[in-house]
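This is what each chain is made of:
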Amino acid sequence: MLPVRLDRARAEPLPAQLAAAVRTLVTDGTLSTGDRLPSSRALATDLGVARAVVEQAYDQLLAEAWVSTRRGAGTFVASGETLPTQRSAHRTASREPQYTHLDAGTPWIDPRHLAGWRRAWREVSTARPPRGYPDPSGLPELREALAERLARTRGLTVAPDEILLTAGSTDALRQLLGALGPGNVLVEDPGYRAAVETIRMSGRTVVDHPALAPVTDLTGCAAAYVTPAHQHPLGRVMPAADRLALLAAARAAGAVVVEDDYDSEFRYDVAPVPALAALDRSQVAYVGTASKSVSPSLRLGWLVAPPEVHERLVRRRTITHDTPPWTSQRALLTLLRDGWVDKVVRTARRVYADRAPRVAAALEPHAELAGPLAGMYSTWHTSAAAAQAARTSARAAGFDVRLLADYCRSASLTGLVLGFGGVTDAELDRALEAIVSGLRGS
């Protein structure tokens, strides 16, 4: 049996305690590569807990690559080549310190839902792949499922043939820019850094625009990239008047509005805000992604472009085969059909709704909240010195938190962008303690 003791008096859930204990046993050398762990039934009996506690802990360790399974043989400590790198930093002095990142893009996936994820990939392994190159628009059945979901969750009525599958939101932006005429691209400042780099790599000039100011002039621009449902990173919902002004400016300039529907499903203060594209499909290119609802590693997104742009994109993709892998598309189809995505989103929304006020309670005495509490992160205004002190303190505790200044180009805002999706409750508590300590000492 494992030398592990669980404490029911602690706030940390029992599965999380057990997973942490096994990680420690691996890193301190008590467990070695290839060691077989006790069966879930045997360990549950030894610890005096329900079998589900052990199964959830093992699922989490499997997802993090600490362990591997062999059919009919059991669960084993993973090989050194596949163990997570964040725990190996102490073995090689020359490596950079590894942190648990409190980023704004990593979602919370409840370990209890991992069985559905594995089932989807088993179905992929038995499905028949397409002959030759896949459909240039993407898997037809997946586009049908996405059309239904967009109508149900985003108020956006589209036909399956109007949807293009992409390898994430930045891939959608890259392909879209390649189909537009010459011109600059207006981007909110502060704004999404990956979008800025994608635009620059396309050879276009980025025009900085204050994130909270209405867009009234797009002269000289081929496009405007915005995040109206949850401005990244300040968190504000674009007001109705600003949406109408943006669309009017786009019509006057002959520009396309690129709506990145970032973090839209994770409102817990009000119902999700309808998509901007629902107001004018002829002027807006709608970009969505599975990164926040499923996993960033899936690298899947979708693009609904204005009709003329859509036709150019399909013609180009027919020649270049610039589509995401069929395997990922097929897995997402199963996850949607099984209701897995809806279940994960509902669970994550509840988790975020619980964590956001905890973050606010810890930081409000020391910082000013930039926008409404929504989604999987919150942004806080502080002095530059306080933000840096908080980051330094967090890193000393093994966590990394983003500086608001990193998202700015012309703007001079300072503070923290604190993500709380990709961590456990216990990790979040430790991170908040370190951040607050840094803010107090600044």
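Everything discussed here concerns the structure shown above.
Attention here is on the structure that accompanies the text. (Residues numbered from 1 in each chain as written. Predicted model: local features only at pLDDT ≥ 70, side-chain atom pairs only at ≥ 80, totals over all residues. Heavy atoms only, no water.)

**Comments concerning the side chain of Gln17**
Tracing the backbone through its elements, the reader meets Gln17 in helix α1 (residues 14-27). In contact with Gln17, other than residues within four places in its own chain, are Leu6, Asp7, Arg10 and Glu12. (Helix = DSSP H or I, 4+ residues; strand = E, 2+ residues; numbered from the N terminus. Contact = heavy atoms within 4.5 Å.)

**Notes on the layout of surface pockets**
Put simply, the second largest pocket is a space of about 480 Å³. Those elements giving two or more residues to the lining of the second largest pocket turn out to be α3 (51-63), β1 (67-70), β2 (74-77) and α4 (114-126). With 5 residues, the single largest contributor to the lining of the second largest pocket is α3. Considered class by class, the residues forming the lining of the second largest pocket number 6 nonpolar, 6 polar and 8 charged. (1 Å grid on protein atoms, 1.4 Å probe; cavity = no way out; pocket = protein on both sides within 12 Å on 5 of 7 lines; lining within 4 Å. Points joined across faces, edges and corners; volume = space filled by probe spheres on them. Nonpolar A, V, L, I, M, F, W, Y, C, P; charged D, E, K, R; others polar.)

**Comments concerning the sheet that holds strand β8 (residues 256-260)**
One open sheet holds the 7 strands; their spatial order is β4-β10-β9-β8-β7-β5-β6, and the pairing between them is mixed. One side of each edge strand has no neighbouring strand; the edge strands of this open sheet are β4 (164-166) and β6 (206-210). On average, adjacent strands in this sheet sit at an angle of 25° to one another, irrespective of strand direction. Alignment of strand β9 (residues 284-289) against strand β10 (residues 301-304), held across 4 bridges, turns out to be antiparallel. Along β10, the bridge assignment pairs Tyr286 with Val304. (Pairing = 2+ DSSP bridges. Axes fitted to C-alpha atoms, helices over the stretch in contact; angles between N-to-C directions.)

**Re unusual backbone geometry**
The amide bond that connects Asp189 to the next residue, Pro190, takes the cis arrangement and shows omega of 0°. As for its placement among the helices and strands, Pro190 is situated in the loop between β5 (184-189) and α7 (193-201). Of note, the bond from His232 into Pro233 is cis; its omega dihedral lies within 30 degrees of zero at 15°. Relative to the helices and strands, Pro233 is located in the loop between β7 (221-226) and α8 (240-253).

**Observations regarding the nonpolar core**
As a rule of thumb, soluble globular proteins bury nonpolar side chains together. In terms of nonpolar packing, the biggest core is built from 77 residues, with Ile163, Leu218, Leu246, Leu332, Leu363 and Ile435 touching the most fellow members. No other element matches the 12 residues that helix α11 (residues 340-363) contributes to this core. Apart from residues no more than four positions distant in its own chain, Leu363 is found in contact with Trp380, Leu418, Leu432, Ile435, Val436 and Leu439. (Core = buried A, V, L, I, M, F, W, Y, C linked by side-chain atoms within 4.5 Å. Buried < 20%, exposed > 50% of the residue type's maximum accessible area, 1.4 Å probe, protein only.)

**Side note on the pairing of β6**
Pairing of β5 with β6 involves 5 bridges; the strand directions are parallel. Its bridge partner being in β6, Val185 is matched across the sheet by Val206. As a crossover connection, the stretch from β5 through α7 into β6 is right-handed. (Right-handed = clockwise from strand over helix to strand, strands pointing away.)

**What to know about empty space enclosed by the protein**
Inspection of the entire model under this criterion finds 3 cavities of 30 Å³ or more. Along the walls of the largest cavity sit 22 residues, with Ser264, Glu265, Thr289, Ser293 and Trp302 positioned nearest its centre. When residues of the lining of the largest cavity are traced back to their parent elements, those giving at least two are α5 (140-154), β9 and α10 (326-337). In terms of residues, the lining of the largest cavity owes the most to one element, α5, which gives 5 residues. Of the residues that constitute the lining of the largest cavity, the class distribution is 11 nonpolar, 5 polar and 6 charged.

**Side note on helix α12 (residues 384-396)**
Relative to the 18 Å expected for 13 residues at 1.5 Å per residue, α12 spans 18 Å between its end C-alpha atoms, a close match to the ideal helical length. Along α12, the residues classified as buried are Ala386, Ala387, Ala390, Arg391, Ser393 and Ala394. Down the axis of α12, the sector holding all buried residues measures 165°, keeping them to one side. Set apart from the buried face of α12 by more than 90 degrees, the exposed residues are Ala385 and Ala396. Contacts from the buried residues of α12 go to β13 (399-403), β14 (415-419) and α13 (425-441). Following α12 by one or two positions, Gly398 adopts a phi angle in the positive range, close to 95°. (Expected span 1.5 Å × (residues − 1). Arc of directions from axis to C-beta.)

Geometric values such as these leave the question of function open.
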